[in-house]
Number of protein chains: 2
Amino acid sequence: MDNYIKVFKALSDTTRLKIMWLLMNIDEKICVSEIVEVLEVYQYNVSRHLRILKDANLIEEVKEGKWVFYHLTPINTKFQDLIQKSIHSIPESEMRKEMVKCKELLALRD
Amino acid sequence: MDNYIKVFKALSDTTRLKIMWLLMNIDEKICVSEIVEVLEVYQYNVSRHLRILKDANLIEEVKEGKWVFYHLTPINTKFQDLIQKSIHSIPESEMRKEMVKCKELLALRD
DNA sequence: TAATCATATGCGTAAAATTGCATATGACAA
DNA sequence: TTGTCATATGCAATTTTACGCATATGATTA
């Protein structure tokens, strides 16, 4: 039961749920400093929250030079699938501000 | 976002997740003292956990004489639906002991 | 009405999670 | 190799959550 608890616990924090929502709704991996800017949370806290999501097997990291990008863990189980879908079902209206900021940032990437 | 957080927080405790799993998997409402017996948790703690699930809108109560029965909240939103399904997808093997005990108890009800 | 059964809650404590600050690590650029 | 940028982490303080114990509430039965 512990692994399921770990997932729900990982999702029961605003910053972490927002990170997951963004990863579900933009179809891109995203790096730590981008999350910092979009969510307006201190870098050290973003790092910590990402760790918790990773430990719950919700996200994975890819290192690229100085940067560490994060993306959703590919779906392996029915449970994972339904959890991802449940996050996806959270309406964009809950994330309007962050979504605007995120799109702006991604547009400027290159 | 707070209501979504509240749901995930409510589910991130073993006792509460087990209660939800039981409610999903038996097709019955169940009363406090039955949960106490099935999960082997003190009555006062079961009551408190039930309150948290109720406050998260996951369950509802029905009073019948001395007893208070709890059942799942009927599905209103896509999110609720997916959350319920995700709990349902937790394999019975995680709950074998509790499920046996629960079925025994329900069989003795009348 | 008193005793009893089922459930809920106030209060203090223990344990866990989150944060801020300082700083470490690791990669790249000058 | 030194400096800078991106990310991670140790530690202490704070906040939140869970628990045990005692007891309250509310309904039923004797």
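Residue numbers run consecutively from 1 along every chain, following the written order of its sequence. Chains carry letters from A onward and ligands carry numbers from 1 onward, assigned in written order. A pLDDT threshold of at least 70 governs which residues receive local features in this predicted model, and a stricter bar of 80 or more applies before side-chain atom pairs are shown or counted, although totals over entire chains, interfaces and linings include all residues. With hydrogens and water set aside, each side-chain value is computed from the structure's full complement of heavy atoms.

In the nomenclature of an unreviewed UniProt entry, chain A corresponds to ArsR family transcriptional regulator from the organism Aureibaculum marinum.

Asks: How would you summarise the UniProt feature "domain: HTH arsR-type" (unreviewed entry) in chain A if you had to cite specific residues and measurements?
Replies: UniProt positions are given in the numbering used here, feature names are shortened, and annotations may be inferred rather than shown by experiment. Those residues carrying the UniProt feature "domain: HTH arsR-type" (unreviewed entry) are residues 1–94 of chain A in this numbering. Spanning residues 1–94 of chain A, this segment combines 57% helix with 15% strand, and its end C-alpha atoms are found 30 Å apart. Only DSSP runs of H or I covering at least 4 residues are called helices, and only runs of E covering at least 2 are called strands; the numbering of each starts at the N terminus.

Asks: Hey, could you go over the sheet that holds strand E1 (residues 30–31) of chain B for me, with residue numbers and the actual values?
Replies: Residues and elements named next belong to chain B. Pairing is antiparallel in the open sheet, where three strands are placed in the order E1-E3-E2. Each edge of the open sheet is held by one strand with a lone partner, namely E1 and strand E2 (59–64). When checking whether two residues touch, look at their non-hydrogen atoms; a contact exists if any pair is within 4.5 Å. Lines fitted to the C-alpha atoms define the axes, with helices restricted to the stretch that makes contact. Angles between their N-to-C directions range from 0 to 180 degrees. Its contacts with the sheet place helix H2 (residues 14–25) against E1, E2 and strand E3 (67–72), and it is angled at close to 80 degrees to E3. Here, any two strands with at least 2 DSSP bridges between them count as paired.

Asks: Can you break down the protein's contact with DNA strand C residue by residue, with the values?
Replies: The criterion for a residue being near a molecule or strand is simple. One of its heavy atoms has to lie within 4 Å of it. In the neighbourhood of DNA strand C, 23 residues make up the surrounding shell, with His49 of chain A together with Ser33, Tyr44, Ser47 and Tyr70 of chain B lying closest. Taking all atoms of DNA strand C within 4 Å of the protein, the share assigned to sugar and phosphate is 60%. Within the residue set of the surface near DNA strand C, elements represented by two or more residues are helix H4 (43–55) of chain A together with helix H3 (32–39), helix H4 (43–55) and E3 of chain B. Class assignment for the residues of the surface near DNA strand C results in nine nonpolar, six polar and eight charged. Throughout, the ten residues Ala, Val, Leu, Ile, Met, Phe, Trp, Tyr, Cys and Pro are labelled nonpolar, Asp, Glu, Lys and Arg are labelled charged, and all others, Gly among them, are labelled polar.

Asks: Residues and numbers for the relation of the copies chain A and chain B, please.
Replies: For this overlay, a least-squares fit was computed on C-alpha atoms, restricted to residues scoring pLDDT of at least 70 in both copies. Relative to chain B, chain A is turned by 180 degrees and slid 0.0 Å along the rotation axis, the superposed coordinates differing by an RMSD of 0.0 Å. The two molecules are tied by a two-fold rotation axis, judged by turn and shift. No C-alpha of chain A lies nearer the rotation axis than that of Phe8 of chain A, which sits 2.6 Å from it. Residue by residue, 100% of the interface of chain A is reproduced at the interface of chain B, so both copies engage with the same surface.

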